[in-house]
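What follows is each chain in one-letter form.
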Amino acid sequence: MRLFDLSGRTALVTGSTRGLGRGLARALAEAGAHVAVNSRSAQACEALAADIGGVAAPFDVTDEAAVIAGVARLGHV
């Protein structure tokens, strides 16, 4: 039994390849959300996305233009 059902919802988790972000990305995926995994490392994003059934979204969140472009590339996950 799921405590939360996030089926049909989308989450973009920044800093998601380590620590709390990684745990949050996993929990959201387990609750049924479509998870976009973000960090500056494309390789780390791709590895975690493959592991949890999400999508890799590598970009630097401190760069406004990179955020706009990265989110636009995601479209509707």
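The preceding data block contains the structure.
Think of each chain on its own: its residues are numbered from 1, step by step along the sequence as written. Two thresholds apply to this predicted model, a pLDDT of at least 70 for residue-level local features and 80 or more for giving and counting side-chain atom pairs, whereas whole-chain, interface and lining totals are computed over all residues. With hydrogens and water stripped out, all remaining heavy atoms of the structure feed into the side-chain values.

**Student:** With reference to specific residues and values, describe helix 3 (residues 64-74).
**Tutor:** Burial in helix 3 covers these residues: A66, G70 and L74. The arc that holds the buried residues of helix 3, viewed along the axis, is 70 degrees, so those residues lie on one side. Along helix 3, the residues that are exposed and aim more than 90 degrees away from the buried face are E64, A65, I68 and A72. Only heavy atoms matter for contacts: two residues are in contact if any of them lie within 4.5 Å across the pair. Comment: elements are numbered from the N terminus, with helices defined as DSSP H or I runs of at least four residues and strands as E runs of at least two. At its buried positions, helix 3 is contacted by strand 1 (10-13), strand 2 (34-37) and strand 3 (55-56). Here a polar contact is taken to be a pair of N or O atoms separated by no more than 3.5 Å, where protein atoms must pair a possible hydrogen donor with a possible acceptor and residues adjacent in sequence count only if both atoms sit in side chains. A distance of 3.1 Å separates the backbone nitrogen of A65 from a side-chain oxygen at the start of helix 3, and that oxygen is part of D63. A positive backbone phi angle near 60 degrees is found at G75, which sits one or two residues after helix 3. Residue burial is assigned from relative accessible area. The probe radius is 1.4 Å, only protein chains are included, and a residue is buried under 20% of its type maximum, exposed over 50%, and partly exposed in between. Directions drawn from the helix axis to the C-beta atoms are what define this arc.

**Student:** Describe the environment of F4, and please don't skip the residues or the numbers.
**Tutor:** Relative to the assigned elements, F4 resides in the segment before strand 1. A relative accessible area of 56% means that F4 is categorised as exposed. Expressed as a C-alpha distance, the spacing of F4 and G32, which sit 28 residues apart in the sequence, is 8.5 Å.

**Student:** Outline the pairing of strand 2, listing residues and values.
**Tutor:** When DSSP locates at least two bridges between a pair of strands, those strands are taken to pair. Across four bridges, strand 1 lies against strand 2 in parallel orientation. In the strand pairing of strand 2, A11 is matched with V35. Whether a crossover is right-handed comes down to one check: with the strands pointing away from the viewer, does the path from the first strand over the helix to the second run clockwise; if it does, it is right-handed. Handedness of the strand 1-helix 1 (residues 19-30)-strand 2 crossover: right-handed. Pairing of strand 2 with strand 3 involves two bridges; the strand directions are parallel. Note that in strand 3 the partner of A36 across the bridge is V55. Taken together, strand 2, helix 2 (residues 42-52) and strand 3 form a β-α-β motif whose crossover is right-handed.

**Student:** I'd like a rundown of the nonpolar core, residues and numbers included.
**Tutor:** Buried Ala, Val, Leu, Ile, Met, Phe, Trp, Tyr and Cys residues that are joined via side-chain atoms within 4.5 Å together make up what is termed a nonpolar core. Within the largest apolar cluster, twelve residues are counted, these being A11, V13, A25, L28, A29, A33, V35, V37, C45, L48, A49 and I52. Contributing elements (two or more residues each) for this core: strand 1, helix 1, strand 2 and helix 2. Take this core: its biggest share by element is four residues, from helix 2. Sequence-distant contacts of V37, that is, excluding residues within four places in its chain, are made with V13, S16, T17, C45, L48, A49, I52, V55, A56, A57 and P58. By size, the runner-up hydrophobic cluster in this structure holds five residues, among which are A36, A57, A66 and L74.

Spatial relationships are all this shows, so hold off on functional conclusions.
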